[in-house]
Amino acid sequence: MTAPQNTTSGGRLKPLPAGPRGILIDCGTGEAARACYRALQARRVNGSLEATDLVPGATTVLVDGVEEPELLAAEIPGWVLTDDTGHVGETVEIPVCYDGPDLEAVARIWGVDPEAVADIHTSVEYEATFCGFTPGFAYLEGLPEHYHTPRLEEPRTAVPAGSVAVGGPYTGVYPRTSPGGWRLIATMTNPRRLWHEHREPAALLVPGTRVRFVKVSI
Amino acid sequence: MSHIEIIRSGILTTCQDGGRPGWAHLAVPPSGAADRPSWRLANQLAGNATAACALETTLTGCTVRAHRNVTVVVGGAPCAVTVDGRPEAWGQPVKLAAGSVLDAGPAEVGVRSYLAFSGGLHPKAGLGSHSTCLLSGLGPAPVKDGDTIPLGPSPAHPPLPTQWPAPWAGVNDEIVMKLHLGPRLDHFAEDAVDELAKGVWTVSEQSNRVGLRLTGPTLRHRDPAIELPSEGIVAGSLQVPPNGRPILFGADHPTTGGYPVIGVVGAASQAAAAQARPGTRIRFAPIPMPQWSEVL
């Protein structure tokens, strides 16, 4: 019998131990991680997987709170992942004003005029690939590689809520005032939309959500 | 119903129940009582379902006034307990009459005492939990002097006449923790497992519910220039930034991180860590990666 290959990654999913009740699945690529996350969600829905948490990362998925991780670990390398998109619902539009303090610095890094930063940033359809840092914060992927942006040498101690930033391959919006090392290019008009603990889901941008930024002026 | 009133909050007293498992994909830390076994036992002795919300103190204890008759159990870190100035038992159900004041004194050993009230506390909930999360700000803020916190209805079953198991085994000057190696052992230098097995670390002052910062031997990365893309983290993870100084994550830990985790401690060690004061020595007993991770 031959083991089926994972069609999306081309490589095998690699389960790594994360304590007595956890498995970190190294998927190799972000695309494979998203497919693996969907596969795990489907197994949880159909009852074949019991886990407390499924946590997507950039190229991994963490499965936490599993009674017998060795049984799951034995299964994982043989999984066939499908390329179905895992987009959640409609594309979310985020109105922003391109007035960030690092706008000119980012324009220099990108090699464009400051006005062009908004055009580039609004032209991309992003995907919230995973959440982290603080509730309501999603890592948005989609910027072409030549617009990936180095983080600040010295992180700011307080980035205002609603700041739209670029860092590494990602862009994102700070849901509340927090320290931050990404470069600030814009401001979201209503950052309270990002997180509302009495709403279901509490986060506006859950993993799989597509996002577009829309330029507005104040 | 009624409520309790905080007379003296101490340096940090928070409301804690079973926390918020299941929301880590939205960057919500698990939170909940840092020393689970002590919190659970205090609740059981108070006649509560184990998931009830209790007060969790930090080193200095706290003082509360009851505004109805209520049974209280002070557990976790041992401390002097008084009611209206008279000594009362630690670790056993204490009947507190409406208007009386209970003082839980500074922790004699350990860090966190638990005050469990019959009926449980019902502060503002967030995502289904009454737990304060210091990292995310979810749940009620840490308690302040003068705060009032609603009490739930008294449980139908009266408090159990059980004795607190003695002696309380939670704290020593030195803790040995079983460390399940992985997931990112391969990011560390060849000698890292040896270093882990023979090193002694000390809990630093910069430690809280998010994690214990440990001072001691540095754990060298194989190649400090290699960056790890952000990935999910479990409670009990021993994460090592490029400076080689490990952080042992607790209940309010971040859900993802970009520094490699060399190993993970289990539930019993997480409870012990929650009671480890600055200066406590920590040793690790590394447990090899399971066979299934080697054959791949």
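Counting of residues starts from 1 at the beginning of each chain's written sequence and follows it residue by residue. Here chains are named by letter from A upward and ligands by number from 1 upward, in the order in which they appear as written. Totals for whole chains, interfaces and linings use all residues, but because this is a predicted model, local features are given only for residues with pLDDT of at least 70 and pairs of side-chain atoms are given and counted only at 80 or more. The side-chain figures draw on all heavy atoms in the structure; neither hydrogens nor water molecules are used.

**Observations concerning unusual backbone geometry**
Note: most peptide bonds trans; most residues except glycine with negative phi. Between A:E200 and the following residue, A:P201, the backbone shows a cis peptide bond with an omega angle of -5°. Numbering of helices and strands runs from the N terminus; a helix is a DSSP stretch of H or I covering at least four residues, while a strand is a stretch of E covering at least two. Checked against the element boundaries, A:P201 lands in the loop between β12 (183-188) and β13 (210-215). In this model, B:L127 sits at a positive phi of 50°, which is unusual for a non-glycine residue. One can find B:L127 in the loop between β10 (113-117) and β11 (148-150).

**A look at a negative patch on the surface**
Negative charge collects at one region of the surface, where A:E104, A:D113, A:E115 and A:D119 lie side by side. Counting through the fold element by element, A:D119 comes out in helix α4 (residues 114-123). Each patch is built from residues lacking any salt bridge and having more than 30% relative accessible area; the joining distance is 9 Å for like charges and 5 Å for nonpolar side chains (Val, Leu, Ile, Met, Phe, Trp, Tyr). Note on areas: these come from Shrake-Rupley sampling with a 1.4 Å probe, and a residue is covered only by the protein chains present in the view. We define a salt bridge as a contact between a side-chain nitrogen of Lys or Arg and a carboxyl oxygen of Asp or Glu at a distance within 4 Å. Neither His nor the chain ends contribute to the count of charged residues, in which Lys and Arg are positive and Asp and Glu negative. Each charge is placed at NZ for Lys, CZ for Arg, CG for Asp and CD for Glu.

**Overview of the interface of chain A and chain B**
Interfaces are often sized by the amount of accessible area the parts lose when they come together. On the side of chain B, 35 residues touch chain A, which itself brings 42 residues to the contact. Reported buried area values correspond to the accessible surface (1.4 Å probe) lost by two parts on association, with both partners' losses combined. It is A:P17, A:P135 and A:E197 that lose the most area in chain A upon contact with chain B, and together they represent 19% of the buried surface on that side. Where chain A packs against chain B, one counts one salt bridge. Residue A:D26 pairs with B:R184 through a salt bridge whose shortest N-O separation is 3.2 Å. We define a polar contact as two N or O atoms separated by no more than 3.5 Å, with the added condition that, inside protein, one atom must be a possible hydrogen donor and the other a possible acceptor, whereas residues neighbouring each other in sequence contribute only through side-chain atom pairs. The tally of links between chain A and chain B comes to seven residue pairs in polar contact (both at pLDDT 80 or more). Counting only elements with at least two residues in the side of chain A that touches chain B, the list comes to β1 (14-17), β2 (22-26), β3 (53-56), β4 (60-64), α2 (69-75) and β6 (126-131) of chain A. For the side of chain A that touches chain B, the element with the most residues is β3(A), which contributes four residues. Three classes are used, and their members are as follows: Ala, Val, Leu, Ile, Met, Phe, Trp, Tyr, Cys and Pro are nonpolar, Asp, Glu, Lys and Arg are charged, and the others, Gly among them, are polar. Residues belonging to the side of chain A that touches chain B are distributed by class as follows: 25 nonpolar, nine polar and eight charged. We call two residues in contact whenever any of their non-hydrogen atoms come within 4.5 Å of each other.

**Thoughts on α4(A)**
The classification of residues rests on relative accessible area computed with a 1.4 Å probe and restricted to protein chains. Under 20% of the type maximum is buried, over 50% is exposed, and intermediate values are partly exposed. Within α4(A) the residues assigned to the buried category are A:V117, A:A118, A:I120, A:H121 and A:T122. The elements touched by buried residues of α4(A) are α3 (103-110), β6, β9 (163-167), β10 (170-173), β12 and β13 of chain A.

**So, the environment of A:P135**
Inspection of the secondary structure assignment puts A:P135 in the loop between β6 and β7 (138-141). Relative accessible area serves as the criterion here: at 6%, A:P135 is assigned to the buried category. In contact with A:P135, not counting residues within four places along its chain, are A:P175, A:W195, B:L26, B:A27, B:V28, B:S136 and B:L138.

**A short note on the domain arrangement of chain A**
All names here are of chain A. With domains assigned, chain A is organised as domain 1 (14-78) and domain 2 (91-215). The source of the domain bounds is an automatic or database domain assignment. Taking only C-alpha atoms, the centre of domain 1 and the centre of domain 2 are 28 Å apart. Between domain 1 and domain 2, the residue contacts involve five residues of the former and six residues of the latter. Taken together, the two surfaces of domain 1 and domain 2 that pack against each other cover about 460 Å², and 58% of this comes from carbon and sulfur. When the buried surface of domain 1 facing domain 2 is broken down by residue, R34, P56 and A58 rank first, second and third, together holding 76% of it. Where domain 1 packs against domain 2, one counts two salt bridges. A salt bridge links R34 to E127, with the nearest nitrogen and oxygen atoms 3.7 Å apart. For the interface between domain 1 and domain 2, the tally reads zero residue pairs in polar contact (both at pLDDT 80 or more). Here the side of domain 1 that touches domain 2 is built from residues that sort into three nonpolar, one polar and one charged.

**A closer look at the sheet that holds β1(A)**
Residue and element names in this part refer to chain A. Strands sit in the order β1-β2-β4-β3 across an open sheet of four strands; the sheet is antiparallel. A single partner strand is all that each edge strand has here, and the edge strands are β1 and β3. Neighbour-to-neighbour, the strand axes of the sheet open up by a mean angle of 20°, direction not taken into account. Paired strands, in this sense, are two strands between which DSSP finds at least two bridges. Across four bridges, the pairing between β1 and β2 is antiparallel. From the neighbouring strand, L16 faces β2, where its bridge partner is L24. Interaxial angle, 0 to 180 degrees, is taken between N-to-C directions of lines fitted to C-alpha atoms, where a helix line uses only the stretch in contact.

**Comments concerning the pattern of salt bridges**
Residue and element names in this part refer to chain B. Following the criterion strictly, the structure yields 17 salt bridges over all chains and no others. Between D103 and R8 there is a salt bridge whose closest N-O contact spans 3.1 Å. One end of the pair, D103, is in strand β9 (residues 101-104); the other, R8, is in strand β1 (residues 3-8), with 95 residues separating them in the sequence. Taking relative accessible area as the criterion, D103 reaches 22% and is therefore assigned partly exposed. For R8, a relative accessible area of 28% translates into the label partly exposed.

**Considerations on the packing of α3(A) against α4(A)**
Residues and elements named next belong to chain A. Here α3 crosses α4 at 80°, and the two axes come no closer than 8 Å. By the angle class used here, α3 and α4 are roughly perpendicular. On α4, the residues that touch L103, E104, V106, A107 and W110 of α3 are P114, V117 and I120. Its residues placed into classes, the contact of α3 with α4 shows seven nonpolar, no polar and one charged. Note that the term roughly parallel is reserved for angles under 35 degrees, roughly antiparallel for angles over 145, roughly perpendicular for angles of 65 to 115, and oblique for everything else.

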